[in-house]
Amino acid sequence: MNVPLLDLKSQNLALEAELNSAFTRVLRSGQYILGPEVMKLEGEIARLVEVKHAIGVSSGTDAILLALMALGVGPGDEVICPTFTFFATAGCIARVGAKPVFVDSCPVCFNLDVADLERKITPRTKTIIPVHLFGQAAEMDAVMAAAQRHGVTVIEDAAQALGAGYRGRKVGSIGHFGAFSFFPSKNLGGFGDGGMLVTNDEALAEKARLLRTHGSKPKYYHKYVGGNFRMDPLQAALLGVKLPHYHEYTQKRKANASYYTDNLSKIPGVGMASAAQSKCPPANAQHAPSECSEAALAEPEAKLILPGAYAWNDPIWNQYTLRISGEGRRDALKSFLAERGIGTEIYYPVPMHLQECFSRLGSGGEFLPCAARLAKECLSIPIFPELSRIQIDAVIGTLQQFRLQAPAHA
Ligand SMILES: *Cc1c(COP(=O)(O)O)cnc(C)c1O
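Thresholds, definitions, all that
- Residues numbered from 1 in each chain as written.
- Predicted model: local features only at pLDDT ≥ 70, side-chain atom pairs only at ≥ 80, totals over all residues.
- Heavy atoms only, no water.
- Phe/Tyr/Trp six-rings, centres within 6.5 Å; stacked < 30°, edge-to-face > 60°.
- Lys NZ or Arg CZ within 6 Å of the ring centre and 35° of its normal.
- Buried < 20%, exposed > 50% of the residue type's maximum accessible area, 1.4 Å probe, protein only.
- Helix = DSSP H or I, 4+ residues; strand = E, 2+ residues; numbered from the N terminus.
- Pairing = 2+ DSSP bridges.
- Right-handed = clockwise from strand over helix to strand, strands pointing away.
- Near = heavy atom within 4 Å.
- Polar contact = N/O pair within 3.5 Å; in protein donor to acceptor, adjacent residues only side chain to side chain.
- Areas by Shrake-Rupley, 256 points an atom, 1.4 Å probe, with all protein chains shown as cover.
- 1 Å grid on protein atoms, 1.4 Å probe; cavity = no way out; pocket = protein on both sides within 12 Å on 5 of 7 lines; lining within 4 Å.
- Sits in = over half its atoms within 2 Å of the grid points.

Draft legend 1. Representation of the packing of aromatic side chains within the structure. Under the defined criterion, the tally for this structure stands at 11 aromatic pairs. By the ring-pair criterion, three or more aromatic residues cluster together here, those being Phe-84, Phe-86, Phe-110, Phe-134, Tyr-347 and Tyr-348. Between Arg-340 and the ring centre of Phe-336, over which it is positioned, the NZ or CZ distance is 3.6 Å. Above the ring of Tyr-259, the side-chain terminus of Arg-389 is found at 3.8 Å from the ring centroid.

This is the structure in structure tokens:
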């Protein structure tokens, strides 16, 4: 059976008539830069993520870049981010001339390891960028506490986590800025590139708005050197058609995740990421997290480990990411699934601290064992809302076949 990793067309074609009329509305409006369509979406996203200000931008990457520019991050500054993330998080740091400093990951939630974060803070640290990877919040209480203690700012990279919750709050609303993406494969997928920068700080919102249009106010009088980071009104209008359905998309992703977890956990040799391996603090943030070691990660029983979510998190399941231990086993599983028509992806095969471009800039190269291991073990399977029960059962059945075929030593 054919089960793609993602099927954007089915979600969008279901709204074809409304999307066409949104296009026609923009076409006839004659306004093709910013304006009421963008302002409307900004208001709706601000409400969804429970913040005062939202600024529509050209991509998730540009949202992060704009936040760094608005916070005045530049040469001589260090910015801390997880090494196990999409490139944009780290790339933006380098683009403003600052030095990315990489932090290891928690093998349970895949997010930054807060103990390693503490170790990486120096007098040069200006900002921390936690990433809410795969739709689950990073340990924000610990991040904010560290930031306050050292007087540094926080930008949440929430590109994969629109609407996700952390201890009753929405991600993106906790740090100084939150950055969202509407890249087609994100949970609210647009029709091209788009993003949103959010903040509760009036002055930062004002500065980011100026920087979005070359830092000018009034027109042709430039207070700052900004750029062109504007969201198109056409993009805003089309996203506005999808937004009323967003809650339903998320509920379906959550249902798919529970169904996977319920059924896959019954297969012998399949385990859950255990809290004992966690480097994140539990509900009382005082706890000193355990060190990540190869020994702590090794789980002799389970060879296929399901993703877990902490009780205080409300993840939106941008990805459902398995870990497959054993040399070469992840790649073997990927091929096994591909041969049977099941699409998967490796998010991400190379952590940032091992990327050529950063070693040339004098960043990275250190020993970050958990992230290095995640990069070898992770495999994301289809989780999109429109998956049919038959398709999910096919994925589960194929994973079971792989387990049965697994050699005894692997
Ligand atoms: C997608 C993504 C981005 C960048 O968003 P774009 O809209 O593609 O520029 C940044 N960070 C993370 C973690 C992402 O997944």
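Draft legend 2. Representation of the pairing of strand β5 (residues 153–157) within the structure. Taken across its 5 residues, β5 has 5 buried, putting it largely inside the fold. Of the two faces of β5, the one lined by Thr-153, Ile-155 and Asp-157 and the one lined by Val-154 and Glu-156 are each fully buried. Bridging between strand β4 (residues 125–128) and β5 involves 2 bridges; their strand directions are parallel. Paired with Ile-128 across the two strands is Val-154, which belongs to β5. The β-α-β motif built from β4, the intervening helix α7 (residues 140–150) and the parallel element β5 has right-handed crossover chirality.

Draft legend 3. View of the pairing of strand β13 (residues 320–324). Counting buried positions over the 5 residues of β13 gives 5, a clear majority of the element. Here β13 shows no split at all, with Tyr-320, Leu-322 and Ile-324 on one side and Thr-321 and Arg-323 on the other all buried. Note: strand β11 (residues 304–306) against β13, 2 bridges, orientation antiparallel. From the neighbouring strand, Ile-305 faces β13, where its bridge partner is Arg-323. Where β13 meets strand β14 (residues 378–381), 4 bridges bridge the pair, whose relative direction is antiparallel.

Draft legend 4. How the structure looks around the site of the ligand. Around the ligand sit 16 residues in total, of which Thr-61, Asp-157, Gln-160, Ser-181 and Lys-186 are the nearest. Between the ligand and Asp-157, the relevant distance is 2.7 Å, taken from a nitrogen atom to a side-chain nitrogen or oxygen of the residue. Residue Gln-160 places a side-chain N or O atom 2.7 Å away from an oxygen atom belonging to the ligand. Look at the ligand: alone it shows 380 Å² of surface, and the protein chains cover 94% of it. Among the cavities detected, the one that contains the ligand is the largest pocket. Looking at the shell around the ligand, the elements that each hand over two or more residues are α4 (60–70) and α5 (87–95). Sort the elements by how many residues they give to the shell around the ligand and α4 lands first, with 3 residues.

Draft legend 5. The arrangement of unusual backbone geometry in detail. The amide bond that connects Lys-217 to the next residue, Pro-218, takes the cis arrangement and shows omega of -10°. For Pro-218, the location among the structural elements is in the loop between α8 (202–212) and α9 (233–242). Of the consecutive residues Tyr-347 and Tyr-348, the connecting peptide bond is found in the cis state with omega at 5°. Turning to its location among the elements, Tyr-348 is positioned in the loop between α12 (329–339) and α13 (356–360). If you check the backbone angles, Glu-50 has positive phi at about 60° while not being a glycine. Its location among the elements puts Glu-50 in the loop between α3 (36–49) and β1 (53–57). For Glu-50, a relative accessible area of 48% translates into the label partly exposed. Although it is not a glycine, Arg-167 adopts a positive phi angle of roughly 45°.

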